[in-house]
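What follows is each chain in one-letter form.
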Amino acid sequence: IVKGATVLDTRSISDFGTAHIPGAVHVQLEGMFAPWVGVVVRPDEDLIVVAATSRETEAVTRLARVGYDRILGWIDGEMTAWASAGNTVQSVTQISPEDLKNATKRAGPLLILDVRTPAEWDRAHISSAIHVPLAQLESRMAEVPDCPMNVICGTGFRSSIACSLLQRAGRKDVANVVGGWAAWQAANNEE
């Protein structure tokens, strides 16, 4: 990896969660890729792109279309070769709403960071959650306790981005709530 370059991991949420380069910023190529890259990565940053096999060109092309042309290269998304070469990998636990609910019953309220927009938060939220919208997370990182936390958004897309930003800021124990708010509501209405 080139010193000073930002590693942008464009693989799926589950692939990123399983193993990724420490300090990588995650924005899944599916979904609202370009808008969220625009929020969490400056266009003047040198980038190393991690992409799923055979999707490197697509990732680089989509970045170039929105002004991200300082791409130094890419890494095949298979982290096996990266780890086999003696390089470190990190992971993000993917926790289901059901498992989070059960853990809360056993251990009491667990820290939940909600990164949805203010309008989403105002409609409904988990009463014990801390709210910091994803677009403000880096500038408000000091407000987020440095402890184990579960991150939630609407679907799991933004919360995975948030988990990558938290890890890049040195947070060690972060989990992405799979399926986000919709899945949380479904799990909590089944009783």
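Now for a description of the structure that goes with this document. Predicted model, so just to flag it, every value in this text is computed and none were measured.

With that out of the way, let us pick up the nonpolar core. By size, the foremost hydrophobic cluster in this structure holds 45 residues, and its most contacted members are Leu8, Val27, Leu113, Leu137 and Leu166. Looking at this core, the elements with two or more residues in it are strand E1 (6–9), helix H2 (33–40), strand E3 (47–51), helix H3 (56–65), helix H4 (79–84), strand E8 (149–152) and helix H7 (157–168). Among the elements that make up this core, the one with the highest residue count is H7 (six residues). Counting 11 residues, the second-largest nonpolar core is a separate cluster that includes Ile112, Ile126, Val177 and Trp184.

What follows covers the packing of aromatic side chains. Inspection of every chain in the model, using the stated rule, returns zero aromatic pairs. The ring centre of tryptophan 181 lies 4.5 Å from the NZ or CZ of arginine 116, which sits over that ring.

Take the side chain of glutamate 56 next. With respect to the helices and strands, the residue glutamate 56 is situated in helix H3. One buried charged residue, glutamate 56, remains without a salt bridge, the closest side chain of opposite sign being arginine 55 at 8.4 Å. Ignoring anything within four residues of it in the chain, the contact list for glutamate 56 reads Ala51, Trp74 and Asp76.

This paragraph deals with unusual backbone geometry. Leave glycine aside and you will find that most residues have negative phi; peptide bonds, for their part, are mostly trans. With a phi angle near 70 degrees, serine 54 is a residue other than glycine that sits in the positive phi range. The topology assignment puts serine 54 in the loop between E3 and H3. By relative accessible area, serine 54 is classed as exposed at 66%.

What follows covers the packing of helix H5 (residues 97–107) against helix H8 (residues 180–188). Running from amino to carboxyl end, H5 crosses H8 at an angle of 60 degrees, the nearest separation of the two axes being 8 Å. Here H5 lies oblique to H8, going by the angle between them. Note on packing geometry: the crossing formed by H5 with H8 is right-handed. Only Ala183, Trp184, Ala187 and Asn188 of H8 make contact with H5, whose side of the interface consists of Pro97, Glu98, Leu100 and Lys101. Residue composition of the contact of H5 with H8, grouped by class: five nonpolar, one polar and two charged.

On to the environment of alanine 5. When you line up the elements, alanine 5 lands in the segment before E1. Sequence-wise, alanine 5 and aspartate 46 are 41 residues apart; in three dimensions their C-alpha atoms are separated by 4.8 Å.

This paragraph deals with the sheet that holds strand E5 (residues 93–95). Taken in spatial order, the five strands of this open sheet run E5-E9-E8-E6-E7, and their pairing is parallel. Looking at which strands have only one partner, the edges of the open sheet turn out to be E5 and strand E7 (130–131). Pairing geometry for strand E6 (residues 112–114) and E7, over two bridges, is parallel. Counted as the bridge partner of leucine 113 is isoleucine 130 from E7. On the sheet, H5 packs against E5, E6, E8 and strand E9 (174–177) and is oriented at approximately 85 degrees with respect to E5.

Here we come to the sheet that holds strand E2 (residues 25–26). Within a sheet, neighbouring strands are paired by backbone hydrogen bonds and run either parallel or antiparallel to one another. Reading across the sheet, the four strands line up as E2-E1-E3-E4 and stay open at both edges, with parallel pairing between neighbours. The strands lining the two open edges of the sheet, one partner per strand, are E2 and strand E4 (71–76). In terms of strand pairing, E1 meets E3 through four bridges, oriented parallel. Opposite leucine 8, over in E3, you have valine 49 as the bridge partner.

With five of its five residues buried, E3 lies for the most part within the structure. The alternating pattern of E3 places Leu47, Val49 and Ala51 on one face and Ile48 and Val50 on the opposite face, and all of these are buried. Where E3 lies against E4, five bridges are found, and the strand directions are parallel. From the neighbouring strand, valine 50 faces E4, where its bridge partner is isoleucine 75. Handedness of the crossover is the feature at issue here: the chain leaves E3, passes through H3, returns alongside E4, and the resulting connection is right-handed.

So, how was this worked out
Residues numbered from 1 in each chain as written. Predicted model: local features only at pLDDT ≥ 70, side-chain atom pairs only at ≥ 80, totals over all residues. Heavy atoms only, no water. Core = buried A, V, L, I, M, F, W, Y, C linked by side-chain atoms within 4.5 Å. Buried < 20%, exposed > 50% of the residue type's maximum accessible area, 1.4 Å probe, protein only. Helix = DSSP H or I, 4+ residues; strand = E, 2+ residues; numbered from the N terminus. Phe/Tyr/Trp six-rings, centres within 6.5 Å; stacked < 30°, edge-to-face > 60°. Lys NZ or Arg CZ within 6 Å of the ring centre and 35° of its normal. Lys, Arg positive; Asp, Glu negative; His and termini not counted. Salt bridge = Lys/Arg side-chain N within 4 Å of Asp/Glu carboxyl O. Contact = heavy atoms within 4.5 Å. Axes fitted to C-alpha atoms, helices over the stretch in contact; angles between N-to-C directions. Parallel < 35°, antiparallel > 145°, perpendicular 65-115°, else oblique. Left-handed = near helix turned anticlockwise from the far one by under 90°. Nonpolar A, V, L, I, M, F, W, Y, C, P; charged D, E, K, R; others polar. Pairing = 2+ DSSP bridges. Right-handed = clockwise from strand over helix to strand, strands pointing away.

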